[in-house]
Amino acid sequence: MNREEEGTLLNVPVERHRLSNGLRITLSMDRSVPIVAVNLWYGVGSRNERPGRTGFAHLFEHMMFQGSANVPKNRHFELVEQAGGTLNASTWFDRTNYYETLPSHHLELALWLESDRMGWMLPAMTQEKLENQQGVVKNERKERYDNQPYGDWDERMQALVFPSDHPYHHSVIGSMEDIGAATLEDVAEFFQTFYVPNNAVLTLAGDFDPGHALRSIERYFSEIPQGAPIPPLPGNQQISSVIGGVVEEEVVGNVPLPRVYLGLRVPRLVAEGFHTADVAATVLGGGKASRLHRSLVREKRVAKDVLAYLFPLQTSASLLLFWVTGYPDSDPDTLRAALLEELDGLESVTDEELDRAVALTETHLVRSIQQVGTRADLLSMFDQSFDDPGRLNGEVERVRAVTLGQVREFGERFLGPDNRAFLTYLPGEVQEPGEDQ
Amino acid sequence: MTGRDVSPVDRSSPPESGSVRSFDFPPILSSDLANGLGLRIARMTRAPLVTMAVVMDAGEAALPDRSAGLAVLTGEALEGGSEKLSGLELADALEGIGSGLSVRTGWDATIVSLTCLADRMEEGMSLLAEALLRSSFPEEEIDRLRRQRLAVIRQRQMDPGSLADDAAADFIYSESVPYHRPLGGTQESVESLGREEARAFAEERFTPSGAGFVVVGDVEVSEARSLVETHFGGWAGKGTPPGAITATPRFEGRRVLVMDRPGSVQSEVRIGQIGISRATPLFFPLKIFNAVLGGAFTSRLMLNLREKQGFTYGVRSRFSPRKGPGPFGISMAVATEVTATAVREALTELEGLLEAGPTEGEVERARDYIAGVFPLALETTGQVAARISEIQVYGLPLDFFSTYRDEIRGVSTSSAHEAGRATINPAELAVIVVGDAEGVVGPLEELGLGPVEVVSGP
């Protein structure tokens with residue numbers, strides 16, 4: 001391997017179109033297997049929620065499966081499953097995605113279903129369906145956040161890293177109270193504001209004829225009227241590039257092992273420096289030869305496991321997250337100190353470590369895009385974030401271009417004491433709400 | 001691009017499908033090395049990748065309770081390195097080629113694999129051989145990994161879902177059946193394991209006899225074969241195949257177990273009994289039966305408990321076939337206050353399906369669903385390698401996955417119904433609830449399912 005060599009590893013074909021109503025389309029043909037992925041990204045997520053309606057973007061995602069003008073309740077799932085397809089959706093800070101992967105001869109079915117709910121969801125909405133899904137989502141919150149050790153870490157971490165008036169301050173799942181407060185009027189307003197073709201990107205990846213597919217997309221989507229421009233985000237996005245100090249929270253409760261989370265602000269997905277953050281995260285915590293695994297797990301043995309993960313976000317900053325899980329008797333100060341020692345030591349980063357980061361990125365990307373569903377999702381992501389789905393093909397080169405100097409400078413700018421949010425979980429008796437710690 | 005040439009669309013009904021394209025499972029080239037290692041190669045050229053997997057008859061089920069967790073620990077200890085490469089050097093070398101060792105240990109097998117870019121296959125193969133054939137199991141690495149395993153056991157005990165899975169297994173199987181315990185062992189058993197046990201297990205079980213070497217990817221068959229011969233042809237050793245497993249239940253009749261986790265906002269519910277072994281002739285009809293019950297989004301359980309009642313984020317049922325009879329079970333997480341009602345509803349769905357059987361329409365949908373999604377899970381070299389490994393572990397015919405969709409399409413409504421009735425006995429169900437006993441015991445007793453036993457959580 002040679003970091004200077006020209007890469008031609010990623011050659012995902014990209015053909016772009018745009019309908020007059022503003023819908024952006026990416027077609028990426030691969031006829032090697034008879035399946036096709038249909039993937040829609042709407043440019044709306046938890047960041048667009050107004051106060052008192054946290055969790056609404058996600059609740060709305062559930063409502064999108066409750067039928068539309070020509071599709072009765074449960075029919076959406078039935079039709080896709082009967083076609084031999086899989087489907088789902090997810091809500092995130094900046095976007096909500098909807099996707100199906102099907103045997104390719106059922107492509108039209110997916111386009112019909114997606115266009116019917118993009119254009120005509122509201123006629124199918126009822127109070128009963130809303131209450132049913134509020135129940136489902138409240139149970140989802142209980143299952144994934146409230147009844148799960150460390151389950152609420154992201155909610156707590158977001159509140160530490162982003163100020164209270166920033167759109168990333170609250171969690172995607174939202175509060176129980178807000179989930180319960182949503183009304184049918186909220187559903188209608190949200191739909192009319194955000195679920196418009198000019199706020200969506202549609203990607204097809206896999207087995208189809210591009211000319212035929214484009215005609216079908218036009219047939220199903222072009223009569224959906226363009227919406228108004230998307231309103232600006234609520235709250236204040238003008239925040240400093242770093243947190244501005246060390247913030248800390250300690251949670252004593254139902255957890256098996258002490259765990260320290262460290263969150264920090266790093267460049268956002270679309271900014272210069274994002275790939276440097278990505279490489280730094282891999283050097284520090286990607287894989288078993290990474291610095292944190294080597295030092296904390298294998299050598300010092302203070303940690304049972306470590307993790308570094310870069311959340312690619314669009315607004316103001318991305319979130320770089322570390323976690324260090326201790327053993328039952330670990331002192332959290334020891335865990336924090338061992339973690340910081342590695343962060344502080346990043347200046348000694350070597351060429352070999354950058355080579356390793358490139359090699360891991362190469363394999364990861366090539367493995368990911370084997371699946372047409374993942375391929376379509378990545379193309380949608382690059383389309384929505386950069387207006388350039390073909391950018392996917394240059395990702396390895398962007399990682400390869402990161403220099404030692406850039407990683408060192410990243411360490412100095414972002415890994416210091418002015419950019420640390422510590423969240424520590426300790427095993428112990430659960431604190432009753434309202435009780436002082 | 002405008003819509004001006006577009007004719008009005010009739011949206012009132014789903015569009016007709018286009019013409020079906022056929023899908024073939026990649027052909028498997030099969031040959032055995034002189035040492036007994038079964039070589040299985042499938043060419044896949046969609047991506048410049050290769051997956052190599054060594055599939056060994058080294059599962060947890062062959063171990064007695066007192067050394068439960070040894071197969072898992074031994075598998076993990078492969079990352080400890082060899083005489084030539086320390087654990088750290090091994091990790092460095094693997095990640096230097098963008099790869100990593102994956103070790104998956106189940107009841108029936110240990111599978112050691114790695115995936116790398118196809119032009120790095122030789123280096124990958126050589127590292128795989130170094131890790132597996134010349135592992136040195138250093139004492140300090142075993143100590144570290146044992147401590148990590150013990151921490152994992154502690155994590156499982158605090159995670160309501162894992163706790164419910166483990167409690168259910170222990171409540172369903174009698175103590176004479178290995179499946180009654182957690183796969184990774186218990187605190188007691190793992191504490192007793194060390195370097196000598198791991199070395200001995202590897203010597204006896206990590207052998208080429210009965211093992212398979214699976215290669216899937218963008219490689220020339222002759223090249224793959226010659227590399228396997230070079231690196232694994234000298235692998236020696238002969239293990240004795242483990243004995244068959246007879247599964248007996250812990251008790252007769254219906255029983256309810258409540259594991260108390262005071263203050264839980266939700267109950268993790270498991271409803272199950274002993275199910276099927278992988279060799280069952282009812283494999284395909286039960287796939288269909290289960291899809292109708294709780295194996296798909298539009299299953300009866302989901303439509304009732306999620307889409308009608310809003311009781312849960314998700315409910316599913318599944319058979320987990322193993323060499324011996326593995327469990328059948330329904331699982332869901334529901335709010336404390338509706339726990340008993342949700343259990344009643346789930347049982348009503350199960351009993352109703354067993355009694356009256358699925359409808360023709362349901363079976364048709366289930367067939368279309370399972371046959372249709374089959375190729376969707378065969379896009380990657382890793383997925384195809386996993387299917388071929390399954391053939392190896394369970395001694396299935398080499399064409400098992402080539403005829404899979406035909407078998408599914410051949411299941412009739414009556415055969416699905418009969419298979420369900422022959423397998424699931426509703427009078428012998430165990431119900432396990434991990435949650436707030438104070439909130440759930442009374443209503444569960446009122447259901448009158450059978451004796452309700454309450455135990456404290458760990």
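Fair warning: this is a prediction, and the values are worked out from it, not measured in the lab. (Residues numbered from 1 in each chain as written. Chains lettered and ligands numbered in written order. Predicted model: local features only at pLDDT ≥ 70, side-chain atom pairs only at ≥ 80, totals over all residues.)

Looking only at helices and strands, chain B features 16 helices and 12 strands. The C-alpha radius of gyration of chain B comes to 24 Å, within 12% of the 23 Å expected for a compact globule of 458 residues. Referenced to the eigenvectors of the C-alpha coordinate spread, the extents of chain B come out at roughly 70 × 65 × 45 Å. Buried positions account for 54% of the 458 residues belonging to chain B. (Helix = DSSP H or I, 4+ residues; strand = E, 2+ residues; numbered from the N terminus. Rg over C-alpha atoms; globule rule 2.2 N^0.38 Å. Buried ≥ 20, exposed ≤ 12 C-beta atoms within 10 Å, placed from the backbone.)

Moving on, we get to the environment of B:Ile432. Residues and elements named next belong to chain B. Structurally, Ile-432 is set in strand 11 (residues 430–435). When the 28 C-beta atoms within 10 Å are taken as the criterion, Ile-432 is described as buried. Each C-alpha atom of the pair Ile-432 and Gly-457 lies 12 Å from the other, and the pair is 25 residues apart in sequence. Those residues in contact with Ile-432, other than ones at most four positions away along the chain, are Ala-164, Ala-167, Ala-168, Phe-171, Leu-257 and Arg-270. (Contact = placed C-beta atoms within 7 Å.)

Residue and element names in this part refer to chain B. Taken in spatial order, the six strands of this open sheet run 9-10-8-11-7-12, and their pairing is mixed. Here the strands that pair on one side only, and so sit at the sheet edges, are strand 9 (312–319) and strand 12 (452–456). Strand-to-strand twist in this sheet, taken as the mean axis angle between neighbours without regard to direction, amounts to 15°. By the bridge criterion, six bridges tie strand 7 (residues 255–260) to strand 11 in an arrangement that is parallel. Counterpart to Asp-260 in the pairing with strand 11 is Gly-435. The strands touched by helix 5 (residues 160–172) within the sheet are strand 7, strand 8 (266–274), strand 10 (327–335) and strand 11, with strand 11 carrying the most contacts at an inclination of about 150°. The sheet strands contacting helix 11 (residues 339–356) are strand 8, strand 9, strand 10 and strand 11, and the helix crosses strand 8 at an angle near 30°. (Pairing = 2+ DSSP bridges. Axes fitted to C-alpha atoms, helices over the stretch in contact; angles between N-to-C directions.)

To continue, consider the pairing of strand 8 (residues 259–266) of chain A. All names here are of chain A. The element strand 8 is largely enclosed, with a buried count of eight among its eight residues. Of the two faces of strand 8, both are covered, the one formed by Arg-259, Tyr-261, Gly-263 and Arg-265 as well as the one formed by Val-260, Leu-262, Leu-264 and Val-266. Note that strand 8 and strand 10 (residues 318–326) share eight bridges and pair antiparallel. Each residue of the ladder has a partner; that of Tyr-261, found in strand 10, is Trp-323. As defined by bridge partners, strand 8 adjoins strand 11 (residues 419–427) across five bridges and the pair is classed as antiparallel. Bridging from a neighbouring strand, Gly-263 pairs with Ala-421 of strand 11.

Residues and elements named next belong to chain B. Split into domains, chain B comes out as domain 1 (29–232) and domain 2 (255–456). The centre of domain 1, based on its C-alpha atoms, is set 29 Å off from the matching centre of domain 2. Contact residues are listed per partner, giving 33 residues for domain 1 and 27 residues for domain 2. At the level of secondary structure, the elements contributing two or more residues to the side of domain 1 that touches domain 2 comprise strand 2 (38–43), strand 3 (49–56), strand 5 (110–117), helix 5 and strand 6 (212–217). Sort the elements by how many residues they give to the side of domain 1 that touches domain 2 and helix 5 lands first, with 10 residues. Grouping the amino acids of the side of domain 1 that touches domain 2 by side-chain chemistry returns 22 nonpolar, eight polar and three charged. (Domains from an automatic or database assignment. Nonpolar A, V, L, I, M, F, W, Y, C, P; charged D, E, K, R; others polar.)

A few words on the confidence of the model for chain A. Here chain A shows a mean pLDDT of 95. Residues at 70 or above account for 97%. Across residues 433–437 of chain A, confidence stays below pLDDT 50; counting only partners more than four residues off in sequence or on other chains, it has one contact. (pLDDT = per-residue confidence, 0-100.)

Take helix 7 (residues 195–205) of chain B next. Residue and element names in this part refer to chain B. Taken together, the buried positions of helix 7 are Ala-198, Phe-201, Ala-202 and Arg-205. All buried residues of helix 7 project into a common sector of 95° when viewed along the axis, lining one side. Opposite the buried face of helix 7, by more than 90 degrees, sit the exposed residues Glu-196 and Glu-203. Along its buried surface, helix 7 packs onto strand 3, helix 1 (70–76) and helix 4 (139–158). (Arc of directions from axis to C-beta.)

Facing the 69 residues of chain A at the interface are 70 residues of chain B. Secondary-structure elements contributing two or more residues to the side of chain A that touches chain B are strand 1 (15–18), helix 2 (75–82), strand 5 (96–103), helix 3 (107–120), helix 4 (127–146), helix 8 (210–221), helix 10 (291–299) and helix 12 (351–368) of chain A. When the residues that make up the side of chain A that touches chain B are grouped by side-chain class, the tally is 24 nonpolar, 23 polar and 22 charged.

All names here are of chain A. Under the domain assignment used here, chain A contains domain 1 (15–221) and domain 2 (245–427). Summarising the inter-unit geometry, the C-alpha centres of domain 1 and domain 2 are found 28 Å apart. Contacts between domain 1 and domain 2 engage 33 residues on the former and 28 residues on the latter. Counting only elements with at least two residues in the side of domain 1 that touches domain 2, the list comes to strand 2 (24–29), strand 3 (35–42), strand 5, helix 5 (153–161) and strand 6 (200–206). A breakdown of the residues in the side of domain 1 that touches domain 2 according to their chemical character gives 17 nonpolar, nine polar and seven charged.

This brings us to the sheet that holds strand 10 of chain A. Each strand in a sheet pairs with another by means of backbone hydrogen bonds, the pair being arranged parallel or else antiparallel. All names here are of chain A. Read from one edge of the open sheet, five strands run 7-11-8-10-9, paired in mixed fashion. Across the chains shown, the open sheet's two edge strands, defined by having one partner strand only, are strand 7 (245–253) and strand 9 (303–311). Neighbour-to-neighbour, the strand axes of this sheet turn through a mean angle of 15°, independent of strand direction.

Bringing unusual backbone geometry into the picture now. Residues and elements named next belong to chain A. Of note in the backbone geometry, Tyr-150 takes a positive phi value of approximately 60° without being a glycine. Within the element layout of this structure, Tyr-150 appears in the loop between helix 4 and helix 5. With 23 C-beta atoms packed within 10 Å, Tyr-150 lands in the buried category. In this model, Ser-316 sits at a positive phi of 70°, which is unusual for a non-glycine residue. With respect to the helices and strands, Ser-316 occurs in the loop between strand 9 and strand 10. By C-beta crowding, Ser-316 is classed as buried, having 22 other C-beta atoms within 10 Å.

So, on to helix 16 (residues 437–447) of chain B. All names here are of chain B. For helix 16, the complete set of buried residues consists of Ala-437, Val-440, Val-441 and Leu-444. Seen end-on, helix 16 carries its buried residues on one side only, within an arc spanning 105°. Opposite the buried face of helix 16, at more than 90 degrees from it, the exposed residues are Glu-438, Gly-442 and Glu-446. The secondary structure elements touched by the buried residues of helix 16 are strand 7, strand 8, helix 11, strand 11 and strand 12. Just past helix 16, the residue Gly-448 takes up positive phi, approximately 65°.

Two quantities define a packed helix pair, namely the angle between the axes and the distance from one axis to the other. Residue and element names in this part refer to chain B. The interhelical angle for the contact between helix 11 and helix 16, taken along N-to-C directions, is 35°, at an axis separation of 8 Å. Helix-helix and strand crossings are classified by hand; for helix 11 and helix 16 the assignment is right-handed. Contact with helix 11, carried on its side by Thr-339, Ala-340, Val-343 and Arg-344, involves Val-440, Pro-443, Leu-444, Glu-446 and Leu-447 of helix 16 and no other residues of that element. In terms of residue class, the contact of helix 11 with helix 16 is built from six nonpolar, one polar and two charged. (Left-handed = near helix turned anticlockwise from the far one by under 90°.)

All right, on to the pairing of strand 8 of chain B then. All names here are of chain B. Extensive coverage of strand 8 is indicated by the burial of nine of its nine residues. Pairing of strand 8 with strand 10 involves nine bridges; the strand directions are antiparallel. Directly across from Gln-273, in strand 10, lies its bridge partner Phe-328. The sheet contact formed by strand 8 and strand 11 spans five bridges and is antiparallel. Within the sheet, the bridge partner assigned to Glu-268 lies in strand 11 and is Val-434.

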